[in-house]
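Chains, contacts and geometry: an overview
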Amino acid sequence: MEPKVDTINEIRLPEGLRPFNNAVLDAMSWLNGVAHLVLGLALGAAVLLFTWLFIQDIMTALGADNLAQGFLHGLGTLMLLWTVSALITAEIRYMRGHQLTVDTFVEVAIVVLVRKLITMPVQSTLPSPQEFLLWVAAALLLGLMYLVVRYAQTISIDEPAAQPPAASLAERGGLGDRRSGR
């Protein structure tokens with residue numbers, strides 16, 4: 001009977017390197033956990049900073065002659081806050097043991113493009129019509145990609161889990177080996 005092997009990599013490693021390999025994997029897992037804690041704290045700090053920036057935008061807009069321009073700046077800041085919020089949600093899911101999904105990153109890209117489109121009118125130099133159309137096309141294509149990704153996720157959720165192959169009769173304790181007379 002062959003010894004039970006936990007991973008494919010352990011099959012390829014010489015016996016003497018397995019403890020070192022396990023130690024390195026444990027250290028990498030620990031460092032990855034620390035990295036995600038740092039990411040979480042940085043995203044939390046970003047929420048506070050973008051909230052402060054939004055308040056500053058509102059105060060500036062109220063004191064300026066052009067309220068619409070101040071409103072668009074504030075809306076652009078809120079879009080950044082939305083982006084950070086989506087990343088925080090993904091980080092929370094990951095830290096709870098779930099996989100990172102593509103839809104989060106597509107959503108973030110969409111928000112960044114929408115922010116760009118919203119803040120274009122208040123930029124010092126307006127984009128050309130061709131550049132504007134490219135930004136709109138990119139946003140529409142990302143929106144389509146988001147729908148496709150979400151649809152694919154619903155399909156994979158609705159499909160029944162793949163059944164493991166049925167055990168042979170001998171493995172289930174059914175019919176014995178006829179050659180051995182069992």
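Residues numbered from 1 in each chain as written. Predicted model: local features only at pLDDT ≥ 70, side-chain atom pairs only at ≥ 80, totals over all residues. Heavy atoms only, no water.

Remarks on the pattern of salt bridges
Taken as a whole, this structure holds two salt bridges when the rule is applied. A salt bridge links Asp103 to Arg150, with the shortest nitrogen-to-oxygen separation between them at 2.9 Å. Residue Asp103 is found in helix α4 (residues 102-119), and its partner Arg150 is found in helix α5 (residues 129-158); the two are separated by 47 residues along the sequence. The class of Asp103 is buried, set by a relative accessible area of 7%. By relative accessible area, Arg150 is classed as partly exposed at 38%. (Salt bridge = Lys/Arg side-chain N within 4 Å of Asp/Glu carboxyl O. Helix = DSSP H or I, 4+ residues; strand = E, 2+ residues; numbered from the N terminus. Buried < 20%, exposed > 50% of the residue type's maximum accessible area, 1.4 Å probe, protein only.)

Topic: a nonpolar patch on the surface
Residues Trp52, Ile55, Ile58, Met59, Leu62 and Leu67 make up a contiguous nonpolar surface patch of about 640 Å² in total accessible area. Examining the composition of the nonpolar patch, we find that five residues originate from one element, helix α2 (residues 18-63), more than from any other. Considering the arrangement of structural elements, one finds Ile55 in helix α2. Judged by its relative accessible area of 41%, Ile55 falls in the partly exposed class. (Patch = residues over 30% accessible without salt bridge, like charges linked within 9 Å, V, L, I, M, F, W, Y side chains within 5 Å. Areas by Shrake-Rupley, 256 points an atom, 1.4 Å probe, with all protein chains shown as cover.)

Considering the packing of α2 against helix α3 (residues 67-95)
Relative to each other, α2 and α3 sit at 165°, their axes nearing to 9 Å. With respect to α3, the element α2 is oriented roughly antiparallel. With respect to the hand of their crossing, α2 and α3 are arranged in left-handed fashion. (Axes fitted to C-alpha atoms, helices over the stretch in contact; angles between N-to-C directions. Parallel < 35°, antiparallel > 145°, perpendicular 65-115°, else oblique. Left-handed = near helix turned anticlockwise from the far one by under 90°.)

Let's talk about the nonpolar core
In terms of nonpolar packing, the biggest core is built from five residues, these being Val106, Ile110, Leu113, Ala139 and Leu142. Where this core is concerned, the elements lending two or more residues are α4 and α5. Ranked by residues supplied to this core, first place goes to α4 with three residues. Excluding residues within four positions of it along the chain, Ile110 makes contact with Leu142, Gly143 and Tyr146. (Core = buried A, V, L, I, M, F, W, Y, C linked by side-chain atoms within 4.5 Å. Contact = heavy atoms within 4.5 Å.)

A look at the packing of α3 against α4
Taken N-terminus to C-terminus, the directions of α3 and α4 make an angle of 175°; their axes are 9 Å apart at the nearest point. Here α3 lies roughly antiparallel to α4, going by the angle between them. Facing Leu72, Leu75, Gly76, Met79, Leu80, Trp82, Thr83, Ala86, Leu87, Ala90 and Arg93 of α3, the residues of α4 in contact are Thr104, Phe105, Glu107, Val108, Val111, Val112, Val114, Arg115, Ile118 and Thr119. Residues belonging to the contact of α3 with α4 are distributed by class as follows: 14 nonpolar, four polar and three charged. (Nonpolar A, V, L, I, M, F, W, Y, C, P; charged D, E, K, R; others polar.)

Comments concerning the side chain of Thr104
Tracing the backbone shows Thr104 in helix α4. Judged by its relative accessible area of 3%, Thr104 is buried. The residues contacting Thr104, other than those within four sequence positions of it, are Ala86, Ala90 and Arg93.

Here we look at α4
Taking 1.5 Å of rise per residue, the 18 residues of α4 would be expected to cover 26 Å, and the 26 Å separating its terminal C-alpha atoms lies within 8% of that figure. Turning to α4, its buried residues are Asp103, Thr104, Val106, Val108, Ile110, Val111, Leu113, Ile118 and Thr119. (Expected span 1.5 Å × (residues − 1).)

Details of the confidence of the model for the protein
Within the protein, residue pLDDT values average 80, and 80% of them lie at 70 or more. Mean pLDDT values over the elements of the protein span from 59, in helix α1 (residues 8-12), up to 91, in α2. Throughout residues 164-182 the model reports pLDDT below 50, and contacts reaching past four residues in sequence, or to other chains, amount to six contacts. (pLDDT = per-residue confidence, 0-100.)

Things to note about the environment of Phe54
One can find Phe54 in helix α2. As a C-alpha pair, Phe54 and Leu81 span 27 residues in sequence and 9.0 Å in three-dimensional space.

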